[in-house]
Every structure is written in C-alpha cells, then in structure tokens.
Amino acid sequence: MAVVRRGAPPDVTYDVTVIGAGVVGTAVARELARHPGLRIALVEAADDVGEGTSKANTAILHTGFDAVPGSLESRLVREGQARLAVYAAESGIPVEPVGALLVAWDDEQLAALPQLLAKAERNGYHAARLLGPAEVRAREPHLGPGALGALDVPGESIICPWTTTLAYATQAVRAGVDLLLNCRVGRVSSSGEAHLLTTGRGTLRTRYLVNAAGLHADTVDRLLGHDAFTVTPRRGQLIVYDKLARDLVRHILLPVPTALGKGVLVAPTVHGNVLLGPTAEEVDDKSATGTTAEGIAALREKGHRILPELLDEEVTAVYAGLRAATDQDDYRISAHKEQRYVTVGGIRSTGLTASMAIAAHVTELLAGTGLDLSAPRDVEPVRMPNLGEAFPRPYRRADLIAADPAYGEIVCHCERVTRGEIRDALAATIPPGSPEGLRRRTRARNGRCQGFYCGAQVRELYERGAEMGTG
Ligand SMILES: Cc1cc2nc3c(=O)[nH]c(=O)nc-3n(C[C@H](O)[C@H](O)[C@H](O)COP(=O)(O)OP(=O)(O)OC[C@H]3O[C@@H](n4cnc5c(N)ncnc54)[C@H](O)[C@@H]3O)c2cc1C
C-alpha cells in the first residue's frame, strides 16, 4: 500500500492506471482493487484526492428521476444511487434521506409536473407523486408565497462528497493500489505492450489505461489520438448559509429543470448548513472556480422567492464548481480495445451519485478490451470518521472522550472539531496534502468564522503532522 507525493514513479509496469483521483477515478481504482492480482496505479495532478469538481458540488445523492430516459446516465445514476447508499451505510459516509420537493411557481411549471412524474416512471423511479399547494406548505412552512404544487421525490438524499471520495481512495490504497499525487500526465506514447505516461515526475508504464480526468478528460483523450468530444466547463456558484438557517428547510427544494440544468435549489447539507445554488454558466477557463458578484446576486434573487427568510441568515462561505459538460446530454464513456484504453468523459452533474456504477461499468469495459480479471473479492471494509451532524460526532461521545481525552479537546469551535480528529486525519492512510485537505477530512475551519479563531492552531497541528511525516 503506497501514497507517493514525490519522486519518480515506481519502475514497474502496472496492469491498469487510472488518471484522475476525483470521485470517479477513486471509485474505479477501488472497484479494480477487488480483483486480486492486478497491479494498479491511480495518478493525480493535485496534491490530494478529490481536489477537482468532486470537492465542490451540491452533494445530493440523486434518484435519477429526471435523467434522460434510456441514457447511460439514467442507468448508472439509478444503479449508483443504490450501490452508494449501501456503501455509505457500511463505511460511515453521512447520508440523510431528506427527500426532495420539485416546486412549481407558475402555471407553466405546474403543467410540467405530470410530465416530470411520467419521466420519473420511465427512469424506473416509482415513488414520486404530485402534491397540492396546501400539502407543499404543510411540508415546508417557510416556503415563499406562490407555490402552486410540487413533485414529491422521497428518495433524494444528501451526502458528504468529501468523505465519499476519501473512502473509495482509502479502500483502494489499503487494497494495494499505488496512489501517485502531484503527478500530472502530460503525454502518452506507446511501447508495444505498454502505454508510457510522461508525468511531471518521470515515466510510468501501464498495460491498460483509464482516463477519469474530469474537466481534462478531452485533453487526455487527445493525447491518445481521439477527438470525440470537448469539455465546456459549466460553472455552478453556491452560497453556504450558517447552521442557524438549518431549521428553515426540511427537504431539498428543487426548481423545475431547464435545458441548461437542474436550476437553483435550496438544500440542507449533512454538515448542518443550507446551500443555495448552483448557477449554470458556460465558461472557457477550466480553472475559473471563483465566484462573481453577479452570480451571487442572481442566486439571492432566486433564493428570495424560494425561501425568503434564508436571505436574512448569515453566509458562511461561497464557492463554485465546474461541471464537465460536453455537447451531448449523456456521459461520454467509451472503450478503445486496440489501445487497451477506456475514456470516462462528460461526467457532468451526477458523477458523485453514479460513481460506483460508473466504476463497475468501466471494469466491464476493460474486461471487454482484454484485461484478464480474476473473480472479485470483498476488500476490507473502511470506517470513515463521521462528519455528519445527524450522527454522533466525537465531541458528543463520552465513551470516546473517556478513552482518549483528545476527543474532548475542541480546536475548531464553530464546527466542534477536536484535536483527536485532526490527529487521526494527519495519521490516516491518505493524509491531507494541505490545511484545505484537512478541512475536508475534519470540517476544521469550515464554520462561520472560516478559521478566523482556530486557523493558526489548525495550521500548527497540520505542520507538526507534516513534519512528523504524517501530513
Ligand atoms: C455545481 C455542481 C453541482 C453538482 N452537484 C452534484 C450533486 O448534487 N450530485 C452528484 O451526484 N453530482 C453532482 N455534481 C457532479 C459531480 O460533482 C461530478 O460529476 C464529479 O465530481 C466528477 O468527478 P470526476 O472524478 O469525474 O472529476 P474530478 O473530481 O474533477 O476529478 C478529475 C481529477 O483528474 C485530475 N486530472 C486532470 N487531468 C489530469 C492529468 N493530466 N493527470 C493527472 N490528473 C489529472 C484532476 O486534478 C482531478 O482531480 C455537481 C457538479 C457541480 C460542478
């Protein structure tokens, strides 16, 4: 088991290499690791797993009720949701089955609800039903005036996206996958039986290759001579409201979708906050993850209609993520048998949900290109530290504190993160590569003061951990 942050790649020929350690690439690596005998590498340009789109989304475990019926995405979201719900329960990934209400605010939207219900049925989702305005208001008392009805989608849940990626990666590494961080693939050439990947740290050899490079999947595809799709980043800006707003909303409040996307929603988070967003803006820069005054103003205007009282609450943070959109309304997953290569592109707005099913699909495609797979085994389960408010956190657990007082020593008071949790994260199988990575593992500095009070202490703990070779 190895996590390598510096130095040349090992002088071996891997059976399979996965490019990109987002939620998709880590899920693929984990799935492949279930097949004994494979030598697997997971290579990532950034200094940590989950540093791309996977860290900045809306964190909903979708049912796929509104996918394009018959599409690959529809199937993989449905299967992925079922798989991830089971995996999350086993692994300690926080999930809250809050359900969603897709709210109609005018006659046109109201008329669209029965069509969305029929679409849900065509997507194999049979639990949705129409609600009248009185029931909508009873279910969501703080909703703005004028809601005419809703589609109730009880199967929609909220999930921790950070823990999901980390759980997959941790399990993959413990099962023998080599995780190479700070390792951008810049060129791919061939030497008979092997691909030669030129990385910033030297050359890596692999027989089979999976491209899970997210926003850069088109660039990597071109390195292998393909020109099938172009990724156009579609930015989604979001506002995170303080925990005091959490009681204002019970469900995920969805708008009626448009051609550009699912639209602006209000949703609780498993960390106890409320999200408003995302926008949907086509941008041409794959690093344009900043927020804009116009984007935030547009969200506030939409939010005012949905949940007016939300706008009186304090904002904890704003952020933006980039969807890997292409010119097709579906994922762009394809196998190239002669090259022993699978492209996993166009994983736009549902990749978190679909990740485990995408991984199973990619593994089948690899087998179809000739990869010799032994029968899968059960890999050792992981139990991730709980970041969810709906489940006991260490600071509330007298048993834990009695056994180890570090769990009673709060460092980040906004999020109630203890020294014990920070210590554990720094000594984990995949330690964070920065204080930001530590935040995604513990929630330290994630609260209303954004590290104003605890930032120096958290950084000191991080640096001490890094010095000891754990960080
Ligand atoms: C605003 C927004 C809201 C969303 N909401 C949801 C939601 O509620 N539910 C849901 O299921 N999905 C949602 N999504 C979609 C989901 O976040 C994505 O589908 C998913 O994160 C994509 O994961 P990925 O692994 O493909 O990409 P990424 O997470 O971007 O990972 C790709 C990785 O590849 C690495 N990489 C790129 N090029 C190279 C290279 N040459 N060499 C080495 N490494 C490389 C990158 O550094 C990156 O870490 C949302 C997305 C956005 C933007």
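Quick caveat: nothing in here was measured; it's all calculated off a predicted structure.

Enquirer: Would you mind going over empty space enclosed by the protein in detail, with residue names and values included?
Expert: Applying the stated criterion to the full structure yields three cavities of 30 Å³ or more. When its volume is computed, the largest cavity comes out at roughly 90 Å³. If you go around the largest cavity, the residues you meet are Asp48, Val49, Gly50, Ser54, Lys55, Pro161, Trp162, Thr165, Leu166, Arg440 and Arg441. Sorting elements by how many residues they give to the lining of the largest cavity places helix α5 (residues 161-174) first, with four residues. For the lining of the largest cavity, the per-class residue count stands at four nonpolar, three polar and four charged. Roughly 60 Å³ of internal volume is contained in the second largest cavity. In terms of lining residues, the second largest cavity is bounded by His62, Phe65, Asp66, Leu102, Glu156, Leu254, Pro255, Pro257 and Lys262. For the lining of the second largest cavity, the class distribution of residues is five nonpolar, one polar and three charged.

Enquirer: Explain the sheet that holds strand β9 (residues 157-159) residue by residue, including any values.
Expert: Read across the sheet, three strands follow the order β4-β9-β5 without closing on themselves; strand pairing throughout is antiparallel. Both edges of this open sheet fall to β4 (60-61) and β5 (95-96), since each of them pairs with a single strand only. In this sheet, β9 lies alongside β5 in antiparallel orientation, the contact comprising two bridges. Within the sheet, the bridge partner assigned to valine 95 lies in β9 and is isoleucine 159.

Enquirer: Could you give me a rundown of the nonpolar core, with the residues and numbers involved?
Expert: Counting 53 residues, the largest nonpolar core has Leu32, Tyr331, Ile333, Val344, Ile358, Val362 and Leu366 as the members making the most contacts within it. Listing elements by their share of this core, those giving two or more residues are β2 (13-19), α1 (23-33), β3 (40-43), α2 (72-91), α5, β13 (202-211), β21 (341-345) and α8 (351-368).

Enquirer: Give a detailed account of the packing of α2 against α8, specifying residues and quantitative values.
Expert: Across the interface, α2 lies against α8 with an axial gap of 6 Å and an inter-helix angle of 100°. Comparing their axes, α8 and α2 come out roughly perpendicular. Between α2 and α8, the residues in contact are Leu72, Arg75, Leu76, Val77, Glu79, Gly80, Gln81, Arg83, Leu84 and Tyr87 and Leu352, Thr353, Ala354, Ser355, Met356, Ala357, Ile358, Ala360 and His361, respectively. Considered class by class, the residues forming the contact of α2 with α8 number 11 nonpolar, five polar and three charged.

Enquirer: Give a description of the domain arrangement of the protein that names residues and reports values.
Expert: Once the domains are mapped, the protein shows domain 1 (3-54 + 162-230 + 328-369), domain 2 (100-154 + 232-323) and domain 3 (394-469). Between the C-alpha centres of domain 2 and domain 3 there is a distance of 32 Å. Each side of the interface is counted separately: domain 2 has six residues, and domain 3 has six residues. Where domain 2 abuts domain 3, roughly 540 Å² becomes buried across the two surfaces, and 41% of that area is made up of carbon and sulfur atoms. Joining domain 2 to domain 3, the criterion identifies two salt bridges. For arginine 448, the salt bridge is made with aspartate 242, and the minimal N-O distance between the two is 2.8 Å. Here domain 2 and domain 3 share three residue pairs in polar contact (both at pLDDT 80 or more) between them.

Enquirer: Outline the pairing of strand β12 (residues 194-199), supporting the account with residue identities and numerical values.
Expert: With six bridges joining them, strand β11 (residues 185-191) and β12 adopt antiparallel strand pairing. Within the sheet, the bridge partner assigned to arginine 187 lies in β12 and is threonine 198. From the end of β11 to the start of β12, which pair antiparallel, there are two residues, and glycine 192 there has a positive phi angle of about 60°. Alignment of β12 against β13, held across five bridges, turns out to be antiparallel.

Enquirer: Explain the pattern of salt bridges to me, using residue names and the numbers behind them.
Expert: Applying the stated criterion across every chain, the model contains 35 salt bridges. With a closest N to O distance of 2.8 Å, arginine 441 and aspartate 48 form a salt bridge. In this pair, arginine 441 sits in helix α11 (residues 435-442) while aspartate 48 sits in the loop between β3 and β4, placing the two residues 393 residues apart along the sequence. For aspartate 48, a relative accessible area of 0% puts it in the buried group. One salt-bridge network, in which partners are shared between bridges, spans Asp48, Glu51, Lys55, Arg440 and Arg441.

Enquirer: So what's going on with the UniProt feature "domain: BFD-like [2Fe-2S]-binding" (unreviewed entry) in the protein? Residues and values would help.
Expert: Here, the residues flagged by UniProt with the feature "domain: BFD-like [2Fe-2S]-binding" (unreviewed entry) are residues 410-461. For the annotated span residues 410-461, helix accounts for 44% and strand for 10% of the residues, and the straight-line distance between the end C-alpha atoms is 13 Å.

Conventions adopted
Residues numbered from 1 in each chain as written. Predicted model: local features only at pLDDT ≥ 70, side-chain atom pairs only at ≥ 80, totals over all residues. Heavy atoms only, no water. 1 Å grid on protein atoms, 1.4 Å probe; cavity = no way out; pocket = protein on both sides within 12 Å on 5 of 7 lines; lining within 4 Å. Points joined across faces, edges and corners; volume = space filled by probe spheres on them. Helix = DSSP H or I, 4+ residues; strand = E, 2+ residues; numbered from the N terminus. Nonpolar A, V, L, I, M, F, W, Y, C, P; charged D, E, K, R; others polar. Pairing = 2+ DSSP bridges. Core = buried A, V, L, I, M, F, W, Y, C linked by side-chain atoms within 4.5 Å. Buried < 20%, exposed > 50% of the residue type's maximum accessible area, 1.4 Å probe, protein only. Axes fitted to C-alpha atoms, helices over the stretch in contact; angles between N-to-C directions. Parallel < 35°, antiparallel > 145°, perpendicular 65-115°, else oblique. Contact = heavy atoms within 4.5 Å. Domains from an automatic or database assignment. Buried area = accessible area lost by both parts, 1.4 Å probe. Salt bridge = Lys/Arg side-chain N within 4 Å of Asp/Glu carboxyl O. Polar contact = N/O pair within 3.5 Å; in protein donor to acceptor, adjacent residues only side chain to side chain. UniProt positions renumbered as here; feature names shortened; annotations may be inferred.

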